[in-house]
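Chains, contacts and geometry: an overview
Residue-level listing of the chains:
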Amino acid sequence: SWRNEMVDEAKIDSLVKAAVLAELDGVEFIQDFDYATLCREYNGIGPEWAGETVRGKLTERLALFEPAALIHDMRNYRSDGTRFGFNYANFEFWGNCVKLVKDAYPWWTWKHWRARAAARLAFDFVQGPGGWKAWQDCHERNLALVASRT
């Protein structure tokens, strides 16, 4: 099953390198974080509230999208709680998933279209109520952290 303890610097390094090679949007954003933060906040494919088992299965089956998920997780980590920020993070995720599909498979293959359909399902999920809940949960955590420092 998926465990954050399995995410180490080598894993993060490989995801960042893949994101750079694929010229994903948001690479410059994640380069502002240290390894400890990236390792702690990256939870694979799926929201935190889905649990380790579900995220483990999703991450295994949708491994192609992990570099996009890393960027998306860090956008959630910095959630501002707004619809604008939510939409920005999700459409960036969608575009990055499409780039990864195009890099992985020629457009005329069934694998391309299967992966593209999976990317669309992932986008529909993050853009839906479950994604909004995750976005709001992160924002509330950020507000609590700020309040605890004052």
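Quick caveat: nothing in here was measured; it's all calculated off a predicted structure.

If you tally the helices and strands in the protein chain, you get eight helices and zero strands. In terms of overall size, the protein chain behaves like a compact globule, its C-alpha atoms giving a radius of gyration of 15 Å where 150 residues would be expected to give roughly 15 Å. Across its three principal directions, the C-alpha atoms of the protein chain cover 55 × 30 × 30 Å. Summarising the internal contacts of the protein chain: among those between residues at least 6 apart in sequence, 77% fall at separations of at least 24. Of the accessible surface of the protein chain, which amounts to about 8500 Å², a share of 59% is contributed by carbon and sulfur atoms.

What follows covers the confidence of the model for the protein chain. For the protein chain, the average pLDDT comes to 92, and 96% of its residues sit at 70 or higher. Considering each helix and strand of the protein chain separately, the mean pLDDT is smallest for helix α8 (residues 129-149), with a value of 89, and largest for helix α6 (residues 83-104), with 98.

Here the focus is the packing of α6 against helix α7 (residues 110-127). Here α6 crosses α7 at 170°, and the two axes come no closer than 9 Å. With respect to their mutual orientation, α6 and α7 come out roughly antiparallel. Contacts between α6 and α7 involve F86, N87, N90, F91, F93, W94, C97, V98, V101 and K102 on the former and, on the latter, H112, A115, R116, A119, R120, A122, F123, V126 and Q127. Within the contact of α6 with α7, the residues separate by chemical class into 12 nonpolar, four polar and three charged.

Any pair of aromatic rings gets described here by the distance separating the centres and the angle formed by the planes. Inspection of every chain in the model, using the stated rule, returns seven aromatic pairs. Centroid distance W94 to F123: 5.8 Å. Interplanar angle 50°. Geometry classified as tilted. Of this pair, W94 sits in helix α6 while F123 is found in helix α7, placing the two residues 29 residues apart along the sequence. Within the aromatic cluster, the residues linked to one another by ring pairs are F29, F33 and Y77. The ring of F29 has R75 sitting right over it, with the charged end atom 4.0 Å from the ring centre. The ring of W132 is capped by R83, whose NZ or CZ atom sits 3.8 Å from the centre of that ring.

Let us now look at helix α4 (residues 52-61). Because each turn of an α-helix spans 3.6 residues, side chains separated by three or four positions end up pointing in the same direction. Here α4 has its buried residues at R55, G56 and T59. Down the axis of α4, the smallest arc covering the buried residues is 105°, so these residues share one side. Buried-residue contacts for α4 involve α5 (66-77).

Among the surface-exposed residues, W107, W108 and W113 lie close enough to one another that they form a single nonpolar patch of about 470 Å² accessible area. Summarising the element assignment, W113 is placed in helix α7. Given a relative accessible area of 47%, W113 falls into the partly exposed group.

What counts, and where the lines are drawn
Residues numbered from 1 in each chain as written. Predicted model: local features only at pLDDT ≥ 70, side-chain atom pairs only at ≥ 80, totals over all residues. Heavy atoms only, no water. Helix = DSSP H or I, 4+ residues; strand = E, 2+ residues; numbered from the N terminus. Rg over C-alpha atoms; globule rule 2.2 N^0.38 Å. Contact = heavy atoms within 4.5 Å. Areas by Shrake-Rupley, 256 points an atom, 1.4 Å probe, with all protein chains shown as cover. pLDDT = per-residue confidence, 0-100. Axes fitted to C-alpha atoms, helices over the stretch in contact; angles between N-to-C directions. Parallel < 35°, antiparallel > 145°, perpendicular 65-115°, else oblique. Nonpolar A, V, L, I, M, F, W, Y, C, P; charged D, E, K, R; others polar. Phe/Tyr/Trp six-rings, centres within 6.5 Å; stacked < 30°, edge-to-face > 60°. Lys NZ or Arg CZ within 6 Å of the ring centre and 35° of its normal. Buried < 20%, exposed > 50% of the residue type's maximum accessible area, 1.4 Å probe, protein only. Arc of directions from axis to C-beta. Patch = residues over 30% accessible without salt bridge, like charges linked within 9 Å, V, L, I, M, F, W, Y side chains within 5 Å. Salt bridge = Lys/Arg side-chain N within 4 Å of Asp/Glu carboxyl O.

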